[in-house]
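Structural overview
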Amino acid sequence: MTEMNPVTAYTDGDVDTNDTTQRSLESMAAERYSRRNAMFRGAGATTMAFMGTSLLAACGDDGEGGSIGGAVSVSAGSSVATSAGRVVTLTGTVSGNGQDAGWNQRTGPEVALMGSGATVTFIAPAVAAATDLVFQFSAKPLIGEAVTATTTVRVSPAVLGFTAVAHSLSDVAMVPEGYSVTIMTRLGDPIAAGVSAYANDGSDADFDKRIGDHHDALHYFGLSASGTPDRNSSTRGLMVQNHENITETYLHPAGPSAAPRPLAEALKEIECHGVSVVEYVDGGNRKWTYKQDSTFNRRITPNTPMSFHGPAAGSAFLVTAYSKDGTAGRGTINNCANGVTGWKTNLTCEENYAGYFRRDAADDAKRTPAELASLRRNGITSRSGNYSWSTASSTDTRFTRWNATITGAAATDDFRYEPNQYGWVVEIDPYNPTSTPRKRTALGRFGHEGAFVRIAAGQKLGAYMGDDSRGEYLYKFVSNETWAAADADATDRLAVGDKYLDAGTLYVARFNADGTGTWLPLVYSPTFPKRPASGTYPEYTFTSQADICVNTRFAADAVGATPMDRPEWTVGNPVTGEIYLTLTNSNNSFRPVTGTNAANPRSYNDPKGPSNSAQTGNPNGHIVRLREDGDTTSATTFKWDIYLFGADSTDADPTNVNISGLTTANDFSSPDGAYFSRSTNPSGQINPLMWIETDDGALTDRTNCMLLAAIPGHVGDGGAYTVNNAGNTQNTFVGAKATAANLRRFLVGPVECEITGIDQTPDGRTLFVGIQHPGEGGSYSAPTSHWPYSQDGSTPAASVRPRSALIAITKNDGGVIGL
Ligand code: FEO
Ligand code: CA
Ligand code: CA
Ligand code: CA
C-alpha cells in the first residue's frame, strides 16, 4: 500500500556522503523535516480493528517535490489508539530514492512485527493500563545514513470487541460480523489413507478410521514443521477430540435394528464413541484443513487397549474375563470434557458410562449388599444397556462385556465388574499414536465431566473435577509430587503422568454457608467414616483406598460433601488461579424448593414456550467459583461465590432469578463447557477471556445453544445476597452483575445442538469449537437439522442428515478472537 516515489533526478545537490556519522537518527530526521515542508499527510499507523476499516497510509505528496534525487524523507504517520489483541498496521511512506525501508520498535511491551518493508502488522499486546508503544520507520538514501520517523500506538486493556450475536433458532452456527466459520472434522470424515469419503446415508462403516459422533471436549496440541511437539505452533497441530455419544438414527440406512442387534450395527455404534486425534494444518492465513493420511491420526474407541494405574489398579474391583489381574482395560466411553497436563498429554473423562451396561433382574440376588449398593449408587441399573450392544453376540466379548450380570463362577469368567472399568480419567499421549492410554484411578471414579489441571511453580499439581449428575460433587486431586519444570518437555510423557497422577490426595468440596469452603480428604484408614444407610442403600464400609477410588461417590457422601446442581466443566483463570465450576441445572423433583443450599440457592419456575410450560428448580443453572486460600493447589480451604446465574431475561424475576442482570444480549441457560483463553496470547493475559458453552433445553424456546465470551472479575467482587424462593429464603454470595462490557454472546449453534469443546491456537487467532448432535430430535427419515450443510445459508434437501462437527472460527482481519 505504501508508495515509494520513483527516482527522478538530483535537483538540490544535497548529497550526503558520510554514512558513518554519529548524529542520532532522530536528529537527522528532524533536520530533514525542518528543511522541507510537510510532505505527507494521512494516518500511517492504523489499527484495522479499531477503525473498523483499513486506513493505510496515503501517499500525501503535497507537490513540494517528494522525489528530489538523493533526498529521502519518511513519514510514520499519526499516532493511533487501539486495545489489546487487535491488529495494528504500520505503514510508512518514503519520499525520494529510499531503500531498506523498515520498522522497528523503540519502546513499550515488545511485539512481533509481521511482514517487512514499509508495511508491517502486529497484534496489540495485553496491558493493564493504557500503554504507549513507539515504533520507528526508517529508510536509507542511496548514499548516506538512514532517516527515521516515529509513531505512537496507544494500547488500552482488552475489551470484548464484537457485537453480541442475537438469539437464533436458525440451522446455522452464527458468529459476530467480521468473523468466519470453517467446517473442520465432521462425523464420519475419513482419517486414514484410502478410506472413502463419508456417504452420510447410513452405509458407512470403518469408524475406527473415521471421526466419531457427538463432538465434545477438544484440545489443539501444536506440532513443529518437522513434526515434533511444539506448544507454540499456531499453524500445525493435533486436534484431540472426545466423541461422547451417538445419534443412533442417523448412523444406519433406516435407523437402528431392534435387539438382538446386528453385530455390524453395534460395532459401528461402539466405534463412533471414544476419542479422535487428527492433524490440522493452516494452509496460510488460518485456512485450516485436516490431513487425512497423517501418521499421527488415531481413533481411540471403546475397544482400544488401556492400562490401569494408581490405587485401584490390580485390585479385585477391576478383574474381568478380559483383565484377569485387574490391570488391563479395554477402551473408553462417554468421553465428555477433558483436561490438559503440563507435559503435553490429554485427559479424557468418562462421564455417563453407567447407562451402557445391562444387568438382568436375577443379578441382584447374586450380589453382595456392598456390590449392589455400589451398582445402584453409580447408576448401573439398566436391563438392556444403551443401544442393547450386549445382544449383538453371545461369544464376542466386545459385545458380551456390556452385560454386567453375573453369569460365571468367578469374576475372571464374566464381566460382572466391567462397569468398574469405566468412570475414570484417562491419560492419552497424542503425539505417540501407538501408546497405550492410562486410566488414572487415583482421581476417583464417578461421572467424570472434566479434569482441569492447575500447575504452578513450586506447587503440587491440582486437578479439579466435576461429577455430572444432580446432587453430585466437586472433587480435587492433589499430587504428592511438587511440579518440576523440566517435566514439561520430557519425552516419556505417560511416565510423567505416573509421577503426578498416580499418587496424591483426592478431596471433595464442602461449600459452607458463610462463603468459605473445605476440601475433605478421601483417604482410607480404618477410621474412615462409613457411608450411612439411606433409602435403598445399606451402610457401606470402606476396605481400602482402592475401594474409595472405585466407590468415590459413597466416600464423598460419607464425609459430608455439598451436593451441587450437576457439576459440569471446571476451569481455572490462568492469571488469578481461581477455579470456575459450571452447574448446569437441577429440577424440583430432585431438589425441592426447601432443598437449596448456599452454593445452589435458587428454586423457581422458568416458563417455556407459548404454553408457558413449567420448568421448576434451577432449570437455567449457574457458575460457582472459588479461590484457594493462599492461592495454592494444596490448600484445604477456600472462598467461593456465584459468578453468574443463568436466566431467561425476558420472563425471569429480576430479583430472585435473573440475579446477574442478564439481557437478551447475554442471557444463557445451562452452562456446561467452560474455558479460559490461553495465556500465550493477549486474550489470556491480565484480564483473561472466559468462554462459556451451553447444553440447554430450557431457553431453547428462544434460542439454540450458544457460546459466550466474558471478562470475569474475581471471587468477592459482589457480595452477600438473599434469594427468596417462593417464601423460602436462602442466603448466598454472588459476584458482580453481568454487563454488556463483561459478558456477550459470541456464537449461537444450529438446531438441536449442544456447544461443547473449545480451544484456541496459541496465538489466539483461531478458535476451535465443537458442535454436538445437531438435529438430535429428528430421525433418518425426517432430520430436524441439516447442519453443517446448511451453514452457508442454503436449504439442503429434506433427507440430508446432520453431522456433529468441529468448527474453526477466525477473525477476518486476523485479530485475536473475541477482542
Ligand atoms: Fe457430557 Fe455433563 O456433559
Ligand atoms: Ca422462559
Ligand atoms: Ca458436558
Ligand atoms: Ca451437559
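Residues numbered from 1 in each chain as written. Chains lettered and ligands numbered in written order. Predicted model: local features only at pLDDT ≥ 70, side-chain atom pairs only at ≥ 80, totals over all residues. Heavy atoms only, no water.

A separate point is the overall build of the protein chain. Of the regular secondary structure elements, the protein chain holds 9 helices and 44 strands. For the protein chain, whose C-alpha radius of gyration is 30 Å, the value lies close to the compact-globule estimate of 28 Å for 819 residues. C-alpha atoms of the protein chain, sized along the principal axes, occupy 110 × 60 × 55 Å. By residue count, 60% of the 819 residues in the protein chain fall in the buried class. Within the protein chain, counting contacts between residues at least 6 apart in sequence, those at least 24 apart form 69% of the total. When the accessible surface of the protein chain is split by element, carbon and sulfur atoms take 52% of a total near 27,600 Å². In the protein chain, the 64 positive side-chain charges and the 84 negative ones have mean positions that sit 3 Å from each other. (Helix = DSSP H or I, 4+ residues; strand = E, 2+ residues; numbered from the N terminus. Rg over C-alpha atoms; globule rule 2.2 N^0.38 Å. Buried < 20%, exposed > 50% of the residue type's maximum accessible area, 1.4 Å probe, protein only. Contact = heavy atoms within 4.5 Å. Areas by Shrake-Rupley, 256 points an atom, 1.4 Å probe, with all protein chains shown as cover. Lys, Arg positive; Asp, Glu negative; His and termini not counted. Charge placed at Lys NZ, Arg CZ, Asp CG, Glu CD.)

All of the buried residues in helix α5 (residues 369–377) are Leu372, Ala373, Ser374, Leu375 and Arg377. On its buried face, α5 is in contact with α4 (363–366), β24 (470–472) and α9 (552–559). Gly379 occupies a position one or two residues after α5 and carries a positive phi of about 85°.

Burial of the side chains of strand β20 (residues 425–428) extends over both faces: Val425 and Glu427 are buried on one face and Val426 and Ile428 on the other. One ladder, built from 4 bridges, connects strand β19 (residues 346–350) with β20; its direction is antiparallel. Within β20, the residue paired with Cys349 across the bridge is Val425. Pairing between β20 and strand β21 (residues 438–440): 3 bridges, direction antiparallel. By the bridge assignment for β21, Glu427 is matched with Arg438. (Pairing = 2+ DSSP bridges.)

Now for the sheet that holds strand β3 (residues 80–83). Read across the open sheet, the 4 strands follow the order β3-β9-β8-β6; overall the sheet is mixed. Strand pairing shows two members of the sheet lacking a second neighbour, β3 and β6 (99–107), which therefore form its edges. Each strand of the sheet is rotated relative to its neighbour by a mean of 30°, with strand direction disregarded. Both β6 and strand β8 (residues 131–140) contribute to a ladder of 6 bridges, which runs antiparallel. Looking at β8, one finds that Thr107 is bridged to Val134. (Axes fitted to C-alpha atoms, helices over the stretch in contact; angles between N-to-C directions.)

A few words now on the sheet that holds strand β10 (residues 179–186). Strand order across the open sheet formed by 4 strands is β10-β44-β43-β42, with antiparallel pairing between neighbours. Either end of the sheet is taken by a strand with one partner, and the two such strands are β10 and β42 (754–760). Sheet twist, expressed as the mean angle between neighbouring strand axes with direction ignored, is 25°. Here β42 pairs with strand β43 (residues 766–772) via 5 bridges, running antiparallel.

It is worth spelling out the layout of surface pockets at this point. Take a probe with the size of a water molecule and roll it over the atoms, and the empty space left behind shows itself. Approximately 1,200 Å³ is the volume attributed to the largest pocket. Along the wall of the largest pocket there are 41 residues; nearest its centre are Val340, Thr341, Phe452, Val453 and Ser679. Put simply, the parts of the chain that give the lining of the largest pocket at least two residues each are β11 (215–222), β18 (335–340), β22 (452–454), β29 (567–572), β36 (671–676) and β42. The residue inventory of the lining of the largest pocket, partitioned by class, reads 21 nonpolar, 15 polar and 5 charged. The computed volume of the second largest pocket comes to approximately 460 Å³. Lining the second largest pocket we find 29 residues, and of these Asp468, Ser469, Arg470, Glu472 and Arg553 sit closest to its centre. Of all the secondary-structure elements, those providing two or more residues to the lining of the second largest pocket are α5, β24 and β28 (564–565). (1 Å grid on protein atoms, 1.4 Å probe; cavity = no way out; pocket = protein on both sides within 12 Å on 5 of 7 lines; lining within 4 Å. Points joined across faces, edges and corners; volume = space filled by probe spheres on them. Nonpolar A, V, L, I, M, F, W, Y, C, P; charged D, E, K, R; others polar.)

Core analysis: the largest hydrophobic core is formed by 36 residues, its most contacted members being Met465, Tyr475 and Phe477. Elements supplying a minimum of two residues to this core: β19, β23 (460–466), β25 (474–482), α7 (493–501), β26 (504–511) and α9. Broken down by element, the residue count for this core peaks at 4 residues, all from α9. Counting residues in hydrophobic clusters, the runner-up holds 29 residues, among them Leu689, Ile758, Leu767 and Val769. (Core = buried A, V, L, I, M, F, W, Y, C linked by side-chain atoms within 4.5 Å.)

Our focus in this paragraph is the coordination of the calcium ion (ligand 4). The calcium ion (ligand 4) binds to the protein through Glu568 (OE), Asp672 (OD) and Asp695 (OD); the donor distances cover 2.3 to 2.7 Å. The sequence pattern describing where the donors of the calcium ion (ligand 4) fall on their chain is E-x103-D-x22-D. Here the calcium ion (ligand 4) and the calcium ion (ligand 3) are spaced 3.6 Å apart, and both take Glu568 as a donor. With Asp672 in strand β36 and Asp695 in the loop between β37 (690–694) and β38 (706–710), this pair connects stretches of sequence that are 23 residues apart. (Donors = N, O, S within 2.8 Å, 3.2 Å for Na, K, Ca; no water.)

Only Asp606 (OD), Pro607 (O), Asp648 (OD) and Asp651 (OD) from the protein reach the calcium ion (ligand 2) as donors, at distances of 2.2 to 2.6 Å. Here the donor residues for the calcium ion (ligand 2) map to a single chain with the spacing D-P-x40-D-x2-D. You can see Asp606 sitting in the loop between β32 (604–605) and β33 (616–618) and its partner Asp651 sitting in the loop between β35 (637–645) and β36, a full 45 residues away along the chain. What makes Asp606 buried here is its relative accessible area of 2%. By relative accessible area, Asp651 is classed as partly exposed at 29%.

Another point: the environment of Asp565. Structurally, Asp565 can be placed in strand β28. The class for Asp565 is buried, based on a relative accessible area of 2%. As for Asp565 and Asn588, which are separated by 23 residues in sequence, their C-alpha atoms are 11 Å apart. The contact partners of Asp565, leaving out residues within four places of it in the chain, are Leu583, Thr584, Asn585, Ser586, Arg591, Asn600, Asn618 and His622. Separated by 2.8 Å, the side chains of Asp565 and Arg591 make a polar contact. (Polar contact = N/O pair within 3.5 Å; in protein donor to acceptor, adjacent residues only side chain to side chain.)

Within the element layout of this structure, Thr562 appears in the loop between α9 and β28. Classification of Thr562 by relative accessible area gives buried; the value is 7%. Polar side-chain contacts of Thr562 include one of 2.8 Å to the backbone nitrogen of Phe511. Ignoring sequence-local partners within four residues, the contact set of Thr562 consists of Glu472, Tyr473, Ala509, Arg510, Phe511, Asn597 and Asn600.

Throughout the structure, instances matching the rule amount to 5 cavities of 30 Å³ or more. Estimated volume of the largest cavity: approximately 60 Å³. Every residue lining the largest cavity is listed: Leu187, Asp213, His214, Thr247, Tyr250, His773, Pro774, Pro802, Arg803 and Ser804. The residue inventory of the lining of the largest cavity, partitioned by class, reads 4 nonpolar, 4 polar and 2 charged.

With that settled, the discussion passes to the domain arrangement of the protein chain. Taken domain by domain, the protein chain consists of domain 1 (4–156) and domain 2 (179–353 + 422–811). A C-alpha centroid distance of 49 Å is found between domain 1 and domain 2. Taking both sides of the interface into account, the surface hidden between domain 1 and domain 2 amounts to around 500 Å²; carbon and sulfur atoms contribute 72%. When the buried area of domain 1 at its contact with domain 2 is split by residue, Met114, Ile123 and Ala126 rank highest and sum to 59% of it. In this assembly, domain 1 and domain 2 are joined by 0 salt bridges. Seen at the junction of domain 1 and domain 2, the total is 0 residue pairs in polar contact (both at pLDDT 80 or more). Across the side of domain 1 that touches domain 2, the residue classes break down as 9 nonpolar, 1 polar and no charged. (Domains from an automatic or database assignment. Buried area = accessible area lost by both parts, 1.4 Å probe. Salt bridge = Lys/Arg side-chain N within 4 Å of Asp/Glu carboxyl O.)

Now for the side chain of Asn573. Mapped onto the elements of the fold, Asn573 is located in the loop between β29 and β30 (579–583). Overall, the relative accessible area of 4% leaves Asn573 in the buried class. Leave out the neighbours within four places in its chain, and Asn573 touches Glu578, Tyr580, Phe676 and Pro688.

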